[in-house]
Amino acid sequence: MTLGLNHFLILAAALFCIGIFGVLTSKSALRVVICVELILNAVNLNLAAFSAYVAPKEAVGASFVIFLMVVAAAEVGLALALIITLNRTSDISAIDSMSRMKG
Amino acid sequence: MSSDVVFFYIYGLVALAGAIGLVTAPRLVHAVMSLLATLLSVAALYLLMGSEFLAAMQLFVYGGAVTVLALFVLMLTNPEQNSAGRSGRGIVLTAGGLCVVLFGLLSTALMRGQWNIGAVRVHDTESLATILFSRYVLPFELAGLVLTIALIGAIVLAREDDMPDVVASPESQLADEAGDVA
């Protein structure tokens with residue numbers, strides 16, 4: 001039994017589903033943000049696995065992983081700044097009660 | 001069973017346990033620590049694939065920066081509000097069922113797929129550098145721009161409101177200081 005592409009893909013699918021569950025069920029905004037990080041990590045694992053097994057000579061998937069890391073870092077920075085601002089201005093961090101911008 | 005598979009199962013189980021801990025831990029600090037366990041074992045999985053540069057980046061960016069940033073925000077905000085309770089039972093059951101169905105679909109599709117690709121292990125740092133600086137050099141520079149804009153935006157968003165305005169002219173700031181002294 002050798003280590004195949006399927007191993008990585010199924011592990012990434014499991015991490016992705018757990019992340020989606022966390023985004024759907026948690027109430028704290030910080031936990032939602034780090035669950036999104038988990039989802040992006042699962043996608044990264046998929047991309048890197050395909051890159052290592054399908055096209056190992058040409059690291060296209062690995063470069064996509066780098067770009068996704070950039071986007072994830074930008075996303076987490078902005079989201080955490082938003083959480084700090086919300087916490088300072090309105091004492092709200094349960095995302096269900098963030099309804100000020102509803103029409 | 002080769003040693004690769006054994007190590008894959010060890011790190012995969014740690015990653016899954018960390019992810020479940022992230023979702024279920026009642027306190028947010030424990031959730032962030034579980035996320036750290038997941039991120040570190042994903043870095044180990046990158047090493048198993050032979051892409052050691054991705055493993056290093058995972059350690060620096062996720063294991064270092066993102067975790068520390070999340071912990072900082074946790075300390076800056078109010079912890080009692082942060083450990084806000086979970087959603088209702090109906091939402092949890094619905095979301096859990098949805099995710100189990102999604103995982104079932106994904107894994108059956110993956111099991112059926114014929115991925116007849118041998119375990120090719122190439123240390124790909126050099127090819128990654130080549131492709132990043134030749135074919136994807138424009139997206140690479142744009143990624144730097146995206147990071148700069150996002151960080152400036154984060155500073156602007158999280159800044160205290162009563163700090164002196166950056167765009168105020170020097171004369172008015174001098175006038176303010178003179179008024180304070182007087």
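What counts and what doesn't
Residues numbered from 1 in each chain as written. Chains lettered and ligands numbered in written order. Predicted model: local features only at pLDDT ≥ 70, side-chain atom pairs only at ≥ 80, totals over all residues. Helix = DSSP H or I, 4+ residues; strand = E, 2+ residues; numbered from the N terminus. Contact = placed C-beta atoms within 7 Å. Buried ≥ 20, exposed ≤ 12 C-beta atoms within 10 Å, placed from the backbone. Core = buried A, V, L, I, M, F, W, Y, C linked by C-beta atoms within 7 Å. Nonpolar A, V, L, I, M, F, W, Y, C, P; charged D, E, K, R; others polar. Expected span 1.5 Å × (residues − 1). Axes fitted to C-alpha atoms, helices over the stretch in contact; angles between N-to-C directions. Parallel < 35°, antiparallel > 145°, perpendicular 65-115°, else oblique. Left-handed = near helix turned anticlockwise from the far one by under 90°. Bend = angle between axes of the 7 residues up to and from the residue.

(A) Spotlight on the overall build of chain B. Of the regular secondary structure elements, chain B holds eight helices and zero strands. Taken from the N to the C terminus, the helices and strands of chain B come in the order α-α-α-α-α-α-α-α. Taking contacts inside chain B between residues at least 6 apart in sequence as the whole, the part at least 24 apart equals 49%.

(B) Highlighting the overall build of chain A. Per the secondary structure count, chain A includes three helices and zero strands. When the helices and strands of chain A are placed in sequence order, the string is α-α-α. For chain A, buried positions account for 55% of its 103 residues. Considering only intrachain contacts with a sequence separation of at least 6, the fraction spanning at least 24 residues in chain A is 48%.

(C) Representation of the nonpolar core in the model. Leu 15, Ile 34 and Ala 48 of chain A are the most contacted members of the largest nonpolar core, which totals 69 residues. At 14 residues, the largest contribution of residues to this core is made by helix 2 (residues 29-53) of chain A. Contacts of Leu 15 of chain A, omitting those with residues within four sequence positions, involve Leu 38, Asn 41 and Ala 42 of chain A together with Ala 15 and Ala 19 of chain B.

(D) Up close: the interface of chain B and chain A. Taken together, the contact pairs 75 residues of chain B with 65 residues of chain A. Partitioned by chemical class, the residues of the side of chain B that touches chain A number 56 nonpolar, 16 polar and three charged.

(E) Quick look at helix 1 (residues 5-25) of chain A. The terminal C-alpha atoms of helix 1 of chain A, which comprises 21 residues, lie 31 Å apart, in line with the 30 Å expected from a rise of 1.5 Å per residue. With 17 of its 21 residues buried, helix 1 of chain A lies for the most part within the structure.

(F) Layout of the packing of helix 1 of chain A against helix 5 (residues 89-112) of chain B. Running from N to C, helix 1 of chain A and helix 5 of chain B cross one another at 165 degrees; their axes reach a closest spacing of 9 Å. Accordingly, the angle class assigned to the pair helix 1 of chain A and helix 5 of chain B is roughly antiparallel. Here helix 1 of chain A runs over helix 5 of chain B; the crossing is right-handed. Where helix 1 of chain A abuts helix 5 of chain B, its residues Asn 6, Leu 9, Ile 10, Ala 13, Ala 14, Cys 17, Ile 20, Phe 21, Leu 24 and Thr 25 of chain A lie against Ile 91, Val 92, Ala 95, Gly 96, Cys 99, Leu 102, Phe 103, Leu 106, Ser 107 and Leu 110 of chain B. Tallied by class, the residues present in the contact of helix 1 of chain A with helix 5 of chain B amount to 16 nonpolar, four polar and no charged.

(G) Broad picture of the environment of Ala 31 of chain B. The topology assignment puts Ala 31 of chain B in helix 2 (residues 28-49). When the C-alpha atoms of Ala 31 of chain B and Gly 21 of chain B are compared, they prove to be 6.2 Å apart, with 10 residues separating the residues in sequence. When sequence neighbours within four positions are dropped, the list of residues in contact with Ala 31 of chain B reads Arg 31 and Ile 34 of chain A together with Gly 21, Leu 22 and Ala 25 of chain B.

(H) The arrangement of the packing of helix 1 (residues 3-24) of chain B against helix 2 of chain B in detail. Residues and elements named next belong to chain B. The contact between helix 1 and helix 2 brings their axes to 7 Å, and the two run at 155 degrees. Classed by the angle they form, the pair helix 1 and helix 2 counts as roughly antiparallel. As helix 1 runs across helix 2, the sense of the crossing is left-handed. Packed against helix 1, whose contacting residues are Asp 4, Phe 7, Phe 8, Tyr 11, Val 14, Ala 15, Gly 18, Ala 19, Gly 21 and Leu 22, the element helix 2 presents His 30, Ala 31, Ser 34, Leu 35, Ala 37, Thr 38, Ser 41, Val 42, Ala 44, Leu 45 and Leu 48 at the interface. A per-class count over the contact of helix 1 with helix 2 returns 14 nonpolar, six polar and one charged.

(I) Structural context of helix 3 (residues 52-76) of chain B. Between its first and last C-alpha atoms helix 3 of chain B spans 35 Å; for 25 residues at 1.5 Å apiece the expected length is 36 Å, and the two agree. By the largest-angle criterion, Gln 58 of chain B marks the main kink of helix 3 of chain B, which is about 25 degrees.

(J) Main features of the environment of Ile 84 of chain A. Position of Ile 84 of chain A relative to the elements: it lies in helix 3 (residues 60-90). We classify Ile 84 of chain A as partly exposed; it has 18 C-beta atoms within 10 Å. A sequence separation of 61 residues divides Ile 84 of chain A from Val 23 of chain A, and the C-alpha atoms of the two residues are 19 Å apart. Leave out the neighbours within four places in its chain, and Ile 84 of chain A touches Val 73, Leu 76, Thr 77 and Ala 158 of chain B.

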